[in-house]
Amino acid sequence: MYKLQNIDIEVFLKDYWQQKPLLIRQGFQDFQDPIDEHELAGLTEEESVDSRIVNNQDGIWAVEHGPYDDINKHCLGQWSLLVQSVDHYVPDADSLMNTFDFIPVWRMDDLMVSYSNPGAGVGPHLDQYDVFIIQGKGSRRWQVGLPSHYETIRPHCDLSQVTGFEPIIDEVLTAGDIIYIPANHPHNGVALEPCMNYSVGFRAPSQQEILSSFADYAIDHNTLTQRYKDHGLSPREFTGEIKQQEVVQFKALLAQILQSEQFDQWLPVFLSDNKKAEDESNHQIEEFSQQAIIDMLSNGEYFHRNLGVKPIFVEPNSSISANATFTFYIQGESYSGPIESADLVKKFLSVPFIAEQEGETQYSQFPEFTALLTLLVNKGHWYIE
Ligand code: SIN
Ligand code: CO
């Protein structure tokens, strides 16, 4: 449904990605919004949906988090309603986000959707992540500057803004235009008319997050328990002194874990964990037998990947002898099948749905595959429609 154009992907990745902001005029021609403001407001009624309203009334900023008893109570002055992870709830929002899959899916975070009334925005600010902002209906003036040491202000405890950036892009965007903003580039969007915006955000874990997640993994799996050991301890003048050689030994102990099997096992688990709550599934989860799945495949039923499900796998390591299994990861869990069916499984993982048709892959003929599909359907990651 959505087709990204007016961008040369190779040039973009080489010259812009994580380097320079870029305005892409009419990246989507005849752009149709995947959701309207009423549906967006409807989503905020769910407890599991992360939303906020940022408003500015006579120069006073306020932020309210959903769900709201009465949403209209907060739509005061100039206001924006911002809703996270809309790709998990709205199929067309998921399709829109997937047009950016020239960036690996394990780098993708979510699609944040906003609706703003004229004059509204969240103020000039920096984000830690790269983002493509697609202009939906209405128009908005976007200013983007370069990274520098900006003064940060907090006009409200939930709102961080910066002051005094010089825009290097200052343009009015209309439906279908896209602006790419690399991390830490100050930006400010001010609605000129009632408007919708779609932000495709990317994950970039910090060293802190990586360490913390890996430490949790090691504790949960009761692994990496090797302790510091002295190497040739000799008498020293000051008993409180840590020798430089000992500092080196500590670093070596820590460096060992990066070479460990456990690190390789943890990384895809961590990168596949895209925060989707179990209960967000729009589809009834039923227990199917493998035979029932085979029968439905043979009957030409469609098997769709559920919203927010972004399977990932690791490129085989050529220095390690060939694995007997092919493993992929969804939302922090691993799934394996025999290596012989790896190509079939990779193909299945890369498409939004499968159905057996004449001349197409006859999935029902592969027992290892149908066993895996049964598991994935029963987990709620694929649904039949
Ligand atoms: C928005 O208001 O839709 C996007 C806010 C931002 O600049 O991150
Ligand atoms: Co921003």
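Criteria and cut-off values
Residues numbered from 1 in each chain as written. Chains lettered and ligands numbered in written order. Predicted model: local features only at pLDDT ≥ 70, side-chain atom pairs only at ≥ 80, totals over all residues. Heavy atoms only, no water. Helix = DSSP H or I, 4+ residues; strand = E, 2+ residues; numbered from the N terminus. Buried < 20%, exposed > 50% of the residue type's maximum accessible area, 1.4 Å probe, protein only. Contact = heavy atoms within 4.5 Å. Areas by Shrake-Rupley, 256 points an atom, 1.4 Å probe, with all protein chains shown as cover. Lys, Arg positive; Asp, Glu negative; His and termini not counted. Charge placed at Lys NZ, Arg CZ, Asp CG, Glu CD. Domains from an automatic or database assignment. Donors = N, O, S within 2.8 Å, 3.2 Å for Na, K, Ca; no water. Salt bridge = Lys/Arg side-chain N within 4 Å of Asp/Glu carboxyl O. Near = heavy atom within 4 Å. Polar contact = N/O pair within 3.5 Å; in protein donor to acceptor, adjacent residues only side chain to side chain. Nonpolar A, V, L, I, M, F, W, Y, C, P; charged D, E, K, R; others polar. Pairing = 2+ DSSP bridges. Axes fitted to C-alpha atoms, helices over the stretch in contact; angles between N-to-C directions.

**Brief notes about the overall build of the protein**
Helix and strand counts for the protein come out as 9 helices and 18 strands. Here the C-alpha coordinates of the protein stretch approximately 80 × 70 × 45 Å along the principal axes. For the protein, the residues scored as buried account for 44% of the 385 residues in total. Summarising the internal contacts of the protein: among those between residues at least 6 apart in sequence, 76% fall at separations of at least 24. Of the accessible surface of the protein, which amounts to about 21,200 Å², a share of 49% is contributed by carbon and sulfur atoms. Looking at charge distribution, the protein has the averaged site of its 24 positive side-chain charges lying 9 Å from that of its 57 negative ones.

**Description of the domain arrangement of the protein**
On domain assignment, one finds that the protein holds domain 1 (9-202), domain 2 (207-233 + 240-260) and domain 3 (290-384). Here domain 2 and domain 3 have C-alpha centroids that lie 38 Å from each other.

**Regarding the coordination of the cobalt ion (ligand 2)**
At this site the cobalt ion (ligand 2) is bound by His125 (NE2), Asp127 (OD) and His187 (NE2), with donor distances of 2.0 to 2.1 Å. We note that the donor set of the cobalt ion (ligand 2) lies within a single chain, spaced as H-x1-D-x59-H. Here His187 lies in strand E12 (residues 187-191) and His125 lies in the loop between strand E5 (108-116) and strand E6 (131-135), a separation of 62 residues in the sequence. Across the pair, His187 and His125 agree in class, each one buried.

**Comments concerning the environment of Gln290**
Structurally, the position occupied by Gln290 is in helix H7 (residues 290-298). Expressed as a C-alpha distance, the spacing of Gln290 and Phe369, which sit 79 residues apart in the sequence, is 10.0 Å.

**Focus: the pattern of salt bridges**
Taken as a whole and judged by the stated rule, the model has 10 salt bridges. Across the pair Lys137 and Glu37 runs a salt bridge whose closest N-O atoms are separated by 2.6 Å. Note that Lys137 is positioned in the loop between E6 and strand E7 (140-144) and Glu37 in helix H2 (residues 37-43), a separation of 100 residues in sequence. Exposure remark for Lys137: the relative accessible area of 32% places this residue in the partly exposed category.

**Digging into the site of ligand 1**
The full set of residues close to ligand 1 is Leu82, Met112, Ser114, His125, Asp127, Arg140, Trp142, His187, Asn197 and Ser199. Measuring from an oxygen atom of ligand 1, one finds a side-chain N or O atom of Ser114 at 2.5 Å. With respect to ligand 1, the side chain of Arg140 contributes an N or O atom lying 3.2 Å from an oxygen atom. Taken by itself ligand 1 offers 260 Å² of open surface, and the protein chains cover 93% of this. Residues that form the shell around ligand 1 fall into these classes: 3 nonpolar, 5 polar and 2 charged.

**Side note on the sheet that holds E12**
Spatially, E10-E7-E12 is the arrangement adopted by the 3 strands of the open sheet, whose pairing is antiparallel. At either margin of the open sheet sits one strand with a lone partner, and together these are strand E10 (169-173) and E12. Pairwise comparison of adjacent strand axes, ignoring direction, gives a mean angle of 15 degrees for this sheet. One ladder, built from 5 bridges, connects E7 with E12; its direction is antiparallel. Bridge pairing links Val144 to His187 in E12.

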